[in-house]
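# Inside the fold
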Amino acid sequence: MARGLMKRTVCAKSIFELWGHGRSEGELYASLKNYPVDKMLPYLQSDSTYKVHIHTFNKTLTQAQKIKKIDALEFLPFKGKVNLKNPEHIFWILEDYGMNPNNVPEEPFHLYFGRWIADGQRELIESYSVKKRHFIGNTSMDACLSFIMANHGRVKPNDVVYDPFVGTGGLLISSAHFGAYVCGTDIDYNTIHGLGKASRKNQKWRGPDENIRANLRQYGLEKYYLDALVADSSRPIWRKGMLFDAIITDPPYGIREATRRTGSQKEAVKSVERSTENHIFVSSNYHLSDIFFDLLKFAAEYLVMGGRLVYWLPIYRPEYTEEIIPRHPCLKLISNCEQMLSSHTSRHLITMEKVKEFKDQDENSYLLDGQYMPYRGHNSFREKYFSGVTKRIAKEEKENQK
């Protein structure tokens, strides 16, 4: 189970079976002597090989110091042979010297000894880094967060994963890495087709092969790519029925990407946007509250039973209460994790699971829900976000004048 967990997580470096710990070497050795010998013996047999690794946090030890610490463990019943290159069992001494690099203590605050079980997937953060990605946009999701979202969605091989605000497809990549087939939609024609201005510094226009498919090809994942469509997430385009194992998305908050949906000429027209090939549509404002309730309604209808919806919800922290998390009778809230954006704003990673079949009476159930009204206050998230920025700039200018 531990190895299975570490094959997925990007949050943990390694996992160990703890044999002993203490606030000093004496405490560590006493703790190790109390560890049941019958639990140690399977890994200390005479026909086995092992090595001991020392890891110090916030301090560097000399080789002589490391050997001295390893020799001090001679009271443990090691019977096997030392093999530094390819041992069967690896034991670690972990020493914590605190978090202040300017004030490193002589002795560690805490020591641990244990048997190494497995490493996590931290290297994925580097290998899938947005900095090295072929096609990116203003709001491409950080690789680490993408993998966390895929894990929250319990994405597994042969799942079908959908992102209704796909953008440059950052969230599709992490799901495809875990073997899921991926697809998405976005209202922005230029983004889907990889046209227009580039987001990278020193690059004015996007290249001929900058698109979502090219991103998946870059990581050897193109076979998992179903398609990306130019579509409005607020309008029904899918046939009825449960289509998706997971819906993983990052809706626009109106900060770096506009919140838009298609509208008719009769509606209040905000702007007429023209794209290439005489592609013309009318777009209107799309309130944040409507985005999230449309998303929940869509998930309730199109997720398989037990399927998960994972999305980011922007929050103005002074007004936050649990009640403003959008709800739906077909979806159960699984987790709610906060990521700070500034002193007054944050975004919450919301994970929900489908627990009830969608019926026609669930179509507009949220309108009867008392939780709908308090959330409408977040339609002004953009104004609240920038009001904090404006106040901070004014404060800094005032301090500079002093």
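Residues numbered from 1 in each chain as written. Predicted model: local features only at pLDDT ≥ 70, side-chain atom pairs only at ≥ 80, totals over all residues. Heavy atoms only, no water.

## Description of the overall build of the protein chain
If you tally the helices and strands in the protein chain, you get 12 helices and 15 strands. Within the protein chain, buried positions represent 47% of all 402 residues. Here the contacts in the protein chain between residues at least 6 apart in sequence split such that 70% fall between residues at least 24 apart. When the accessible surface of the protein chain is summed, it comes to about 21,800 Å², and 51% of that surface belongs to carbon and sulfur atoms. (Helix = DSSP H or I, 4+ residues; strand = E, 2+ residues; numbered from the N terminus. Buried < 20%, exposed > 50% of the residue type's maximum accessible area, 1.4 Å probe, protein only. Contact = heavy atoms within 4.5 Å. Areas by Shrake-Rupley, 256 points an atom, 1.4 Å probe, with all protein chains shown as cover.)

## Looking at empty space enclosed by the protein
Rolling a probe over the atoms, with the probe sized like a water molecule, indicates the empty space that remains. Inspection of the entire model under this criterion finds 1 cavity of 30 Å³ or more. Considering only enclosed or pocket space, the largest cavity measures out at about 40 Å³ in volume. The wall of the largest cavity is formed by Glu25, Leu28, Tyr29, Lys69, Leu73, Ile93, Glu95 and Leu111. Where the lining of the largest cavity is concerned, the elements lending two or more residues are α2 (25–34) and β4 (89–96). Considering every element that reaches the lining of the largest cavity, the biggest residue donor is α2, with 3 residues. Among the residues making up the lining of the largest cavity, the classes are represented as 5 nonpolar, no polar and 3 charged. (1 Å grid on protein atoms, 1.4 Å probe; cavity = no way out; pocket = protein on both sides within 12 Å on 5 of 7 lines; lining within 4 Å. Points joined across faces, edges and corners; volume = space filled by probe spheres on them. Nonpolar A, V, L, I, M, F, W, Y, C, P; charged D, E, K, R; others polar.)

## A few points about the pattern of salt bridges
What the rule picks out here adds up to 13 salt bridges. Its salt-bridge partner being Glu25, residue Lys69 comes within 3.0 Å of it at the nearest N-O pair. With Lys69 in helix α4 (residues 63–71) and Glu25 in helix α2, the pair connects residues that are 44 residues apart, well separated along the chain. As a salt-bridge pair, Arg217 and Glu222 come within 3.2 Å of each other at their nearest N and O atoms. Relative accessible area serves as the criterion here: at 38%, Arg217 is assigned to the partly exposed category. Each of the salt bridges in this network shares a partner with another, and the network as a whole consists of Asp209, Arg213, Arg217 and Glu222. (Salt bridge = Lys/Arg side-chain N within 4 Å of Asp/Glu carboxyl O.)

## Details of helix α10 (residues 288–302)
Helix length check: α10, at 15 residues, gives a terminal C-alpha distance of 21 Å against a target of 21 Å (1.5 Å per residue), a fit within 8%. In terms of residue burial, α10 counts as a mostly covered element, since 15 of its 15 residues are buried. (Expected span 1.5 Å × (residues − 1).)

## Some thoughts on the sheet that holds strand β2 (residues 49–57)
Read across the open sheet, the 5 strands follow the order β1-β5-β4-β2-β3; overall the sheet is mixed. On the outer flanks of this sheet lie β1 (14–22) and β3 (81–82), each paired with one strand and no other. In the sheet, β2 pairs with β4 via 8 bridges, with the strands oriented parallel. By the bridge assignment, His55 is partnered in β4 with Leu94. Where α2 meets the sheet, its contacts fall on β1 and β5 (110–119), and the angle it forms with β1 comes to roughly 105°. (Pairing = 2+ DSSP bridges. Axes fitted to C-alpha atoms, helices over the stretch in contact; angles between N-to-C directions.)

## Some remarks on the sheet that holds strand β9 (residues 244–249)
Strand order in the open sheet formed by 7 strands is β8-β7-β6-β9-β13-β15-β14, with mixed pairing between adjacent strands. Each of the sheet's edge strands pairs with one partner strand only, and the pair in question is β8 (225–230) and β14 (331–340). When strand polarity is set aside, the average angle formed by the axes of neighbouring strands in this sheet is 15°. Two strands pair when backbone bridges link them, and strand β13 (residues 303–316) and strand β15 (residues 345–354) are joined in this way by 9 bridges, in the antiparallel orientation. Bridging across to β15, Trp312 finds its partner in Leu349. Here α10 sits on the sheet in contact with β6 (160–163), β9, β13, β14 and β15, set at roughly 170° to β13.

## A word on the pairing of β15
In terms of burial, β15 is a largely internal element, 10 of the 10 residues being buried. The alternating pattern of β15 places Thr345, Arg347, Leu349, Thr351 and Glu353 and Ser346, His348, Ile350, Met352 and Lys354 on opposite faces, both of which are buried. Alignment of β14 against β15, held across 9 bridges, turns out to be antiparallel. Bridge pairing links Ser335 to Thr351 in β15. Adjacent in sequence and paired antiparallel, β14 and β15 are bridged by 4 residues.

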